[in-house]
Amino acid sequence: LKERAQPLRERGIEVDTLVEWHSPRYEAILSRADEIGADLIVRAARKRSRLDRLLLGATDWELVRRARQPLWLVKKTLDLATRQPRIVAAVDPAHPSDKKAGLDRKLIRTAEEIRSLFGGTLHLFHAYSPSAAVAPVATASHHVAMPVLRMGGEIIEELRSQREKQVRELARPAGIPEDRVHLVAGDASISLQ
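Here's what I pulled together on the structure shown here. (Residues numbered from 1 in each chain as written. Predicted model: local features only at pLDDT ≥ 70, side-chain atom pairs only at ≥ 80, totals over all residues. Heavy atoms only, no water.)

### Examining the packing of helix 2 (residues 25-36) against helix 4 (residues 58-66)
Two quantities define a packed helix pair, namely the angle between the axes and the distance from one axis to the other. Here helix 2 crosses helix 4 at 40°, and the two axes come no closer than 9 Å. As helix 2 runs across helix 4, the sense of the crossing is right-handed. Across from Arg25, Tyr26, Ile29 and Leu30 in helix 2, the residues of helix 4 making contact are Thr59, Glu62, Leu63 and Arg66. (Axes fitted to C-alpha atoms, helices over the stretch in contact; angles between N-to-C directions. Helix = DSSP H or I, 4+ residues; strand = E, 2+ residues; numbered from the N terminus. Left-handed = near helix turned anticlockwise from the far one by under 90°. Contact = heavy atoms within 4.5 Å.)

Have a look at this one:
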């Protein structure tokens, strides 16, 4: 672990190393992150079968659910000497509350900080499923959402247009050019492969 940290230290980055055995692992990771006041949790995703890649492991899932800090699941090693990274911030602008909108902005800021450390380009990504689209319905007391079971081509195009506008509204203040904004109809876990 110390050998892996050395190239970072040589670049002037302060790195501490720690090995700890704990079960379940996610509790040790979250505890240590809180203890040191971590700004970001980075977790290496292990190589898995095609089917397993559609699902998160137990530790990954618990980190997604419980981490107070942004979580970066890394899928493969990148040699910065030969290739610049593409940093992808996956956002969901279709939520009805500003709480999640704040999360999208935080994800973009964190992705930009990562890009500034390692170079490369920042991309914004959103996957949506037209077949699982949700139509907002206003009631006297609050907004709720109801599933739309069947949608014609015109409604699907309207949904795409609305999502595209929402994603571009997130990208604009962050200075992310339009050619780096990606909107995909389909499941996010498959679209990012």
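### Looking at the sheet that holds strand 7 (residues 181-185)
Taken together, three strands build an open sheet; the order of strands is 3-4-7 and the sheet is parallel. Sheet topology places strand 3 (86-90) and strand 7 at the edges, where each strand pairs with a single neighbour. Averaged over all pairs of adjacent strands, the angle between their axes in this sheet comes to 30°, without regard to strand direction. In this sheet, strand 4 (residues 121-128) lies alongside strand 3 in parallel orientation, the contact comprising five bridges. Across the sheet, Val88 pairs through a bridge with His123, a residue of strand 4. Packing against the sheet, helix 6 (residues 153-174) makes contact with strand 4 and strand 7, and its axis sits at approximately 150° to strand 4. (Pairing = 2+ DSSP bridges.)

### Here we look at the nonpolar core
In terms of nonpolar packing, the biggest core is built from 16 residues, with Ile108, Leu124, Ile176 and Val181 touching the most fellow members. Counting only elements with at least two residues in this core, the list comes to strand 3, helix 5 (98-118), strand 4, helix 6 and strand 7. Among the elements that take part in this core, helix 6 stands out by supplying four residues, more than any other. Residues within four places of Leu124 in sequence aside, it is in contact with Ala89, Val91, Ile108, Val167, Leu170, Ala171, Ile176, Arg180, Val181 and His182. In this structure, Tyr26, Leu30, Ala33 and Ala67 belong to the second largest nonpolar core, which totals seven residues. (Core = buried A, V, L, I, M, F, W, Y, C linked by side-chain atoms within 4.5 Å. Buried < 20%, exposed > 50% of the residue type's maximum accessible area, 1.4 Å probe, protein only.)

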